[in-house]
Amino acid sequence: MEGPVPIQDAMAGDTQPSNTIKLLHLLFLSTSWGMQVWVTFVAGFVMSRHLPRHTFGSIQRELFPYYFHISSTCAFLNLTLFAMSHPSERLGEEHTTQIIVFLVCIAASVLNTQWFGQVTSDIAAELHLVERSQGLGQEVGLAASEPRRQLRASNPSYRQLARRFALFHALSSLCNLCCIVCNGLSLYHLAARLSAL
């Protein structure tokens, strides 16, 4: 019996990955980037302006481990799918750059998951204990800064703890922004190859 040989969707062709692989890659990339943009630029700002500081901190401490693990998993899966679809003997400069972008995203995400995010959460919990002992933590929005400024001025150990928090929070935020940029570059890479919407 002659005729066209059916192509199995799960098998990648010589030059193009299957539609299933493309869909999974797009799903992981868009999920990660959308989550990162939402958490970073919407949820964090809204909650910090409308919730008591300690409530906001408690929510962050509960959500961020999931957020960091999902980001790391999506970054790893994106690299895996991309690498499987682009064998090393056929890698051009553009594909090599894309793999480097995925590796940077994985590194930044894993640093946040395994170190910066956890240390930041632990220090925040210590800060909250000190603040609670001084009757602080229920302030909302900008009203929260002046009492803490006074506590930093009068309590050297709190001041030191606040500096450590600021350092690790900045490092965690930098890793997070790095992941957003990497995922944005990867989305741009995909969009540049779309022939239609």
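Quick look at the structure, then. (Residues numbered from 1 in each chain as written. Predicted model: local features only at pLDDT ≥ 70, side-chain atom pairs only at ≥ 80, totals over all residues. Heavy atoms only, no water.)

Bringing the pattern of salt bridges into the picture now. Close approach of charged atoms lets side chains of opposite charge pair. As enumerated under the stated definition, the model contains three salt bridges in all. Close ionic contact of Arg 193 with Glu 94 constitutes a salt bridge, the shortest N to O distance being 1.6 Å. You can see Arg 193 sitting in the segment after helix H5 (156-191) and its partner Glu 94 sitting in helix H3 (residues 93-133), a full 99 residues away along the chain. Overall, the relative accessible area of 40% leaves Glu 94 in the partly exposed class. (Salt bridge = Lys/Arg side-chain N within 4 Å of Asp/Glu carboxyl O. Helix = DSSP H or I, 4+ residues; strand = E, 2+ residues; numbered from the N terminus. Buried < 20%, exposed > 50% of the residue type's maximum accessible area, 1.4 Å probe, protein only.)

Turning next to the environment of Ile 180. As for its placement among the helices and strands, Ile 180 is situated in helix H5. What Ile 180 contacts, discounting residues up to four positions off in sequence, is Trp 33, Gln 36, Val 37, Thr 40 and Phe 41. (Contact = heavy atoms within 4.5 Å.)

Taken as a whole and judged by the stated rule, the model has zero disulfides. Cys 74 takes part in no disulfide bond, and the closest cysteine sulfur, belonging to Cys 105, lies 9.2 Å away. Assessed through its relative accessible area of 6%, Cys 74 is described here as buried. Cys 178 provides the cysteine sulfur closest to Cys 182, a residue in no disulfide bond, and the two sulfurs are 4.2 Å apart. (Disulfide = S-S within 2.5 Å.)

A complete count under the given rule lists seven aromatic pairs for this structure. Taking the centre distance of 5.3 Å and the plane angle of 65 degrees together, the rings of Phe 64 and Phe 68 count as edge-to-face. Placement of the pair is Phe 64 and Phe 68 together in helix H2 (residues 53-85), with a separation of four residues, close to one helical turn. Judged by relative accessible area, Phe 68 falls into the buried class, the value being 5%. A centroid spacing of 5.4 Å and a plane angle of 50 degrees characterise the contact between Tyr 67 and Phe 68, whose relative ring orientation is tilted. As far as burial versus exposure is concerned, Tyr 67 and Phe 68 are alike and both buried. Clustering of aromatic rings is evident, with ring pairs tying together Phe 64, Tyr 67 and Phe 68. (Phe/Tyr/Trp six-rings, centres within 6.5 Å; stacked < 30°, edge-to-face > 60°.)

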